[in-house]
Amino acid sequence: MLFDTHMHTTFSTDSKIKIQEAIAKGQELNLGITITEHMDLGYPQSNAFIFDVAEYLATYDKFRSDNVLLGIEIGMRNDCLQDNRYLVDEANLDFVIGSIHVIDNIDIYHESFYRTHTKQQVYYRYFEAMQECMRCYDFIDSLGHIDYIARYARFNDPEIYYTEFAEQIDEVLKVAAEKGKALEINTRRITDSRSVDLLMPIYKRFAELGGKLATVGSDAHKPQDIGRRINTAMDIAADCGLKVVYFKNRQPNYVKI
């Protein structure tokens, strides 16, 4: 079964999806789902993007099945490394995404992150922070949305062009490949052929550097977005020579279609 391995429900600060809605949408699409609630320890705004993991797992345990899995999306920061490690070690999770949402204690979403720097400076710092975290966050399963910054960057052209940032991106991909981590193909920004063409060099390079696995996820915050463009992500993985997996009990399972 094909899985959408990245979505958020009401335990995430920015989502109002009820788990029953997520399950119903998965059944409608004949799609497995993995819930991955946001956990950004040390987030600049008090009490945002954190939740009680024990409560989350206890509340959703009755919904858990072969087709409904429970994971988490960890906001990777060096100053929260040990707390994040302890959190993951203590929780009975199926899947752990590691993502970069906050750099130098500023949320990438906010305009202030871009105010006084060029695109090159900001993107270099983004990939630098990602590389630093990937070296020490050995307890994640997949690197989330490598193109996340392009969603919110306040530049005329926020796209990531591999040729412009090849050295920095390669350092991230090398670490992920060496550690046997999956690379997420996040479908949120795959909207047309151009967006696919811009992302393809990154995933091809991951495979060239020894990467083997990919996870696919919609990053849905609304029920109607669950499963969006998953087939496009599958095509990207196939074209780049990556095996699509989902994680159950922290172990990769190959997707069979």
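Below: a short report on this structure. If you're wondering where the values come from, they're calculated on a predicted model, not measured in any experiment. (Residues numbered from 1 in each chain as written. Predicted model: local features only at pLDDT ≥ 70, side-chain atom pairs only at ≥ 80, totals over all residues. Heavy atoms only, no water.)

Some thoughts on the packing of aromatic side chains
How we decide: Between the rings of Phe, Tyr and Trp (Trp by its six-membered ring), a pair exists once the centres lie within 6.5 Å; its type follows the angle of the planes, with under 30 degrees stacked, over 60 edge-to-face, and the other angles tilted. For every residue, the accessible area (1.4 Å probe, protein chains only) is compared with the maximum for its type, and the residue is labelled buried under 20%, exposed over 50%, or partly exposed between those bounds. Every helix listed is a DSSP run of H or I at least four residues long, and every strand listed is a run of E at least two residues long, numbered separately from the N terminus.
On inspection of all chains with the given rule, the structure shows 19 aromatic pairs. Taking the centre distance of 5.4 Å and the plane angle of 85° together, the rings of F51 and Y56 count as edge-to-face. The class for F51 is buried, based on a relative accessible area of 12%. Judged by its relative accessible area of 0%, Y56 is buried. For the pair Y123 and F155, a centre-to-centre distance of 6.2 Å together with 65° between the ring planes defines the contact as edge-to-face. Linking Y123 in helix 4 (residues 119-136) with F155 in the loop between helix 5 (149-152) and helix 6 (166-178), this pair joins segments that are 32 residues apart in sequence. One aromatic cluster in this structure is built from F113, Y114, Y123, Y124, Y126, F127, F155 and F165.

Some points on helix 8 (residues 230-240)
Convention followed: Note that the arc is defined by the directions from the helix axis to the C-beta atoms. Between two residues, a contact is recorded if the distance between any of their heavy atoms is within 4.5 Å.
Along helix 8, the residues that are buried comprise I230, A233, M234, I236, A237 and C240. With its buried residues spanning 160° around the axis, helix 8 presents them on a single face. Along helix 8, exposed side chains directed more than 90 degrees from the buried face belong to N231, A238 and D239. Taken together, the buried residues of helix 8 touch strand 1 (3-4), strand 8 (182-186), helix 7 (193-208), strand 9 (213-217) and strand 10 (243-248).

Observations concerning the environment of R188
Relative to the helices and strands, R188 is located in the loop between strand 8 and helix 7. Each C-alpha atom of the pair R188 and E171 lies 24 Å from the other, and the pair is 17 residues apart in sequence. When neighbours within four sequence positions are excluded, R188 is seen to be in contact with R151, Y152, S218, D219, H221, R228 and R229.

Details of the side chain of K119
Where we set the bar: Charged residues are defined here as Lys and Arg on the positive side and Asp and Glu on the negative side; His and the ends of the chain fall outside this count. Salt bridges are defined as contacts in which a side-chain nitrogen from Lys or Arg sits within 4 Å of a carboxyl oxygen from Asp or Glu. A 3.5 Å cut-off defines polar contacts: any pair of N or O atoms within that distance qualifies, except that in protein one atom must be a possible hydrogen donor and the other a possible acceptor, and neighbouring residues in sequence count only when both atoms are side-chain atoms.
For K119, the position within the fold is in helix 4. D157 is the oppositely charged side chain nearest to the buried, salt-bridge-free K119, at an N-O distance of 4.5 Å. In terms of polar contacts, K119 uses its side chain to reach the backbone carbonyl oxygen of D157, at 2.7 Å.

Let's talk about the pairing of strand 3 (residues 68-75)
Applicable threshold: Here, a strand pair is defined by DSSP locating no fewer than two bridges between the strands. A crossover counts as right-handed when, viewed with the strands pointing away from the observer, the path leading from the first strand over the helix to the second turns clockwise.
Most of strand 3 sits inside the fold, with eight of its eight residues counted as buried. Summarising the sheet, strand 2 (residues 32-39) and strand 3 pair through seven bridges and their orientation is parallel. What sits directly across from E37, in strand 3, is I72. Following the backbone out of strand 2, through helix 2 (residues 53-60) and into the adjacent parallel strand 3, one traces a crossover that is right-handed. Where strand 3 and strand 4 (residues 95-99) come together, five bridges link them in parallel fashion. In the strand pairing of strand 4, E73 is matched with I97.

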